[in-house]
Amino acid sequence: MYSQSPLVTAERGMSSGRGVALGRAVNKLPRHRPLARTQSAPLPQTPQALQQLVVQQQHQHFLEKHRYLHNKILAKGAEIARPPPTHPEETEEELTETNDMQEEELPPATHSLLKEVSEEEGGEVPGGVVVKGESTESELDEEEEEEEEEQEYDEDEGANFTQQMGLFHTLLGRTRSSPASGHSPIKHLFTTGLVYDSLMLKHQCVCGNTQIHPEHAGRVQSIWSRLQETGLLTRCERVRGRKATLDEVRTVHSEFHTLLYGTSPLNRHKLDHKKILGPISNKMYAQLPCGGIGVDSDTVWNEMHSSGAVRMAVGSLIELAFKVAAGELKNGFAVVRPPGHHAEESTAMGFCFFNSVAITARLLQQKLGVKILIVDWDIHHGNGTQQAFYSDPSILYISLHRYDDGNFFPGSGAPEEVGSGPGVGYNVNVAWTGGVDPPMGDVEYLTAFSTLVMPIAQLFSPDVVLVSAGFDAVEGHQSPLGGYRVSARCFGRLTQMLMELAGGRVVLALEGGHDLTAICDASESCVSALLGDQVDEVYQAVVKEICPEAAISLERVRLIQSEHWPSLQKMHHNVSPSLLDGQQGSPSQSEVAARKEEAETVSAMASLTVDVTQAGSASVTMETSRSTDEPMEEEPVL
């Protein structure tokens, strides 16, 4: 079967305004090389082949002739269904209902035609209607593309001069032998991908006070500006973001939760008579002292704009991660908000509504069948991500977080939480205990990576690595939003270490972090690492040993996880069984000395990253007394 008529031999590129010259071109057929023909595709030699070719081209022309009608129907439907300027989100159910109403007005022949044309274009039109509200960057780009496609269609119509010979044929597309001038194909670089969309800026409290709401639009604006100022943005491939569909969100969250936070009030009200949504009303939110509303005193909600912003954050990460998994991009960084790792199946908390990383991991698992490692280095435990994959052995979740024996938000993430059922051993919590005296820093995090995170990850051998990249452990964040003193450059080094896994297919997604200078520095360091720049190796001469509290925390995790990852048993360094039992009260001088010796021993195991000298054999005391220095803050009564 051949896609071009043997009689079509005129040169491509004639516009519709040169119709008079088209007829003259027919007489010059012998001088032109046939288009879209190669030596490996000879002209048909038999009448049967030619007859089949004509039939195919007649059918193709019939589809192309009605393409314009198809576009006009969609445009007309969009104008009828255009929402108010506040652009509340339409749900998939409403789009389906609108499509059904339109189909009743069309003849049956048009139904099948629209279906064929839609399948041929390869695009999905939810419900047959495209609803656009207030334009964002991504929506403006889509409108420009649609205008270009309409212009190209008009030009192609003028090229159908062979109809004068009584033969229908397919429209001449761009061929390798005759490229269209001014329309050079976009060349995608195999480099680091970045995704960001201004729609996410609209998620903010109506009071507009960023001093009392630390999770605000300035976070992603500042990071994006820093990447532009440093020239890192020009070295990366920018990925167009999109809103996640409700079906994508449902892969992790419940139906009730998805509709509550994924739709606007107007559309949600329309759905009440169709679905049992539960008590969705204003009582789901709390009135804040500032005059706004929220799930709690921290997790604010904007009824008009938050649903679109949270879905944009999820969809943007999905787009980036799938491009990296497919090999179109080397790795990536998603500058998105609001964060997501605290969002559970049916609960929003800690600034989070939809768990972007968990949804992305689930979709990668379902559609590509890959093994996924999720590393969460936000200072707060990702309780939502842990819940989503607690019994799943194909997704390994490793979290490094401040725990303080359950006294730090959100209170979950104990080392003993290792998974359930077939997922036992695939949930690893590196839970720091001991408060902030002294605070954890570079050497503690680098040691944890060298002795626990990387050995386990290498045994798991993931296909893709997703990182919940919260930067609230960077120096500059005070309790309860931080308290540690990890440098921004350290996170660049941790990124480099993760790039040794999964063939370098690493995707970072912004989570927490509210000090603008700190999160900008850390983001710059991580993107530089993803691009292959060398991270400044200043750590080796800065610290010689980890703090005793960190040594105890790491040894506790090692003992628990060695039952599931036998290679960790080889790291055992003469731990005295008599000191493994928890003790109450203040430690004695001998116990303090034992802690220091253990700290030196664990530090020596991180020799790949930190230049230290092993002090000798050591013993360890397992401290289980609860820290009362900084108890977890209670939510104020709203």
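In what follows, the structure referred to is the one given above.
These numbers were taken from a predicted model, which means no experiment stands behind them. (Residues numbered from 1 in each chain as written. Predicted model: local features only at pLDDT ≥ 70, side-chain atom pairs only at ≥ 80, totals over all residues. Heavy atoms only, no water.)

**Q** Please set out the overall build of the protein residue by residue, giving values where relevant.
**A** In terms of helices and strands, the protein carries 18 helices and eleven strands. Put simply, the protein has 638 residues, and 53% of those count as buried. Taking the intrachain contacts of the protein between residues at least 6 apart in sequence as the baseline, contacts between residues at least 24 apart amount to 80%. Total accessible area on the protein stands at roughly 28900 Å², and carbon and sulfur atoms take up 50% of it. (Helix = DSSP H or I, 4+ residues; strand = E, 2+ residues; numbered from the N terminus. Buried < 20%, exposed > 50% of the residue type's maximum accessible area, 1.4 Å probe, protein only. Contact = heavy atoms within 4.5 Å. Areas by Shrake-Rupley, 256 points an atom, 1.4 Å probe, with all protein chains shown as cover.)

**Q** Quick rundown of the nonpolar core? Include the residues and the values.
**A** In this structure, Trp-377, Trp-432, Tyr-445, Phe-449, Leu-466 and Phe-471 are the most contacted members of the largest nonpolar core, which totals 114 residues. Of the residues forming this core, the biggest block, eleven residues, is contributed by helix H14 (residues 442-460). (Core = buried A, V, L, I, M, F, W, Y, C linked by side-chain atoms within 4.5 Å.)

**Q** Tell me about the pairing of strand E7 (residues 372-376), and name the residues and values.
**A** Across the five residues that make up E7, a large majority, five, are buried. The alternating pattern of E7 places Ile-372, Ile-374 and Asp-376 on one face and Leu-373 and Val-375 on the opposite face, and all of these are buried. Two elements, E7 and strand E8 (residues 395-402), share five bridges in a ladder whose sense is parallel. Residue pairing for E8: Ile-374 is matched across the bridge by Tyr-397. Handedness of the crossover joining E7 and E8 through helix H13 (residues 383-388): right-handed. As paired elements, E7 and strand E10 (residues 464-469) share five bridges and run parallel to each other. By the bridge assignment for E10, Asp-376 is matched with Ser-468. (Pairing = 2+ DSSP bridges. Right-handed = clockwise from strand over helix to strand, strands pointing away.)

**Q** So what's going on with the pattern of salt bridges? Residues and values would help.
**A** Under the counting rule described, the total for this entry stands at 15 salt bridges. For Arg-235, the salt bridge is made with Asp-533, and the minimal N-O distance between the two is 3.0 Å. One end of the pair, Arg-235, is in the loop between helix H7 (218-229) and strand E2 (237-239); the other, Asp-533, is in the loop between helix H16 (516-530) and helix H17 (548-561), and 298 residues separate them in sequence. In this structure, Arg-250 and Glu-255 form a salt bridge, with 2.6 Å as the shortest nitrogen-oxygen distance. One continuous salt-bridge network, built from bridges that share partners, spans Glu-215, Arg-219 and Arg-337. (Salt bridge = Lys/Arg side-chain N within 4 Å of Asp/Glu carboxyl O.)

**Q** Give me the lowdown on the packing of aromatic side chains, citing residues and values where you can.
**A** Taken as a whole, this structure holds twelve aromatic pairs when the rule is applied. Judged by centre distance (6.0 Å) and plane angle (65°), the rings of Tyr-426 and Phe-460 are edge-to-face. Taken as a pair, Tyr-426 in the loop between E8 and strand E9 (427-432) and Phe-460 in helix H14 lie far apart in primary sequence, 34 residues in all. Consider the rings of Tyr-426 and Trp-565, whose centres lie 5.8 Å apart with planes at 80°: the pair is edge-to-face. Of this pair, Tyr-426 sits in the loop between E8 and E9 while Trp-565 sits in the loop between H17 and helix H18 (589-604), and the two are 139 residues apart along the sequence. (Phe/Tyr/Trp six-rings, centres within 6.5 Å; stacked < 30°, edge-to-face > 60°.)

**Q** I'd love a proper account of the packing of H14 against helix H15 (residues 488-498), names of residues and values included.
**A** As a packed pair, H14 and H15 sit with axes 10 Å apart at the nearest point and diverge in direction by 10°. On the basis of their axis angle, the class for H14 and H15 is roughly parallel. Note on element contacts: H15 touches H14 through Cys-490, Arg-493, Leu-494, Met-497 and Leu-498, opposite Asp-442, Tyr-445, Leu-446, Phe-449, Ser-450 and Met-454. Residue composition of the contact of H14 with H15, grouped by class: eight nonpolar, one polar and two charged. (Axes fitted to C-alpha atoms, helices over the stretch in contact; angles between N-to-C directions. Parallel < 35°, antiparallel > 145°, perpendicular 65-115°, else oblique. Nonpolar A, V, L, I, M, F, W, Y, C, P; charged D, E, K, R; others polar.)

**Q** Provide a residue-level description of the sheet that holds strand E5 (residues 300-301), including the pertinent values.
**A** Read from one edge of the open sheet, three strands run E3-E4-E5, paired in antiparallel fashion. Looking at which strands have only one partner, the edges of the open sheet turn out to be strand E3 (286-287) and E5.

**Q** So what about the packing of helix H11 (residues 306-325) against helix H12 (residues 356-368)? Which residues, and what values?
**A** What describes two packed helices is the angle between their axes and the distance between those same axes. Here H11 crosses H12 at 40°, and the two axes come no closer than 9 Å. It follows that H11 is oblique to H12 by the angle criterion. In the packing of H11 onto H12, the handedness of the crossing is right-handed. Contact with H11, carried on its side by Ala-313, Val-314, Leu-317, Ile-318, Ala-321, Phe-322 and Ala-325, involves Ser-356, Val-357, Ile-359, Thr-360, Leu-363, Leu-364, Lys-367 and Leu-368 of H12 and no other residues of that element. (Left-handed = near helix turned anticlockwise from the far one by under 90°.)

**Q** How would you summarise the pairing of strand E1 (residues 192-195) if you had to cite specific residues and measurements?
**A** Residue alternation in E1 divides its side chains into two sets, Thr-192 and Leu-194 and Gly-193 and Val-195, and both sets are buried. In terms of strand pairing, E1 meets strand E6 (residues 331-334) through four bridges, oriented parallel. Looking across to E6, one finds that Thr-192 is bridged to Asn-331. Examined bridge by bridge, E1 and E2 share three bridges and lie parallel to one another. Residue Val-195 lies in a different strand from E2, and its bridge partner there is Val-239. One crossover worth recording links E1 to the parallel E2 by way of H7, and it is right-handed.

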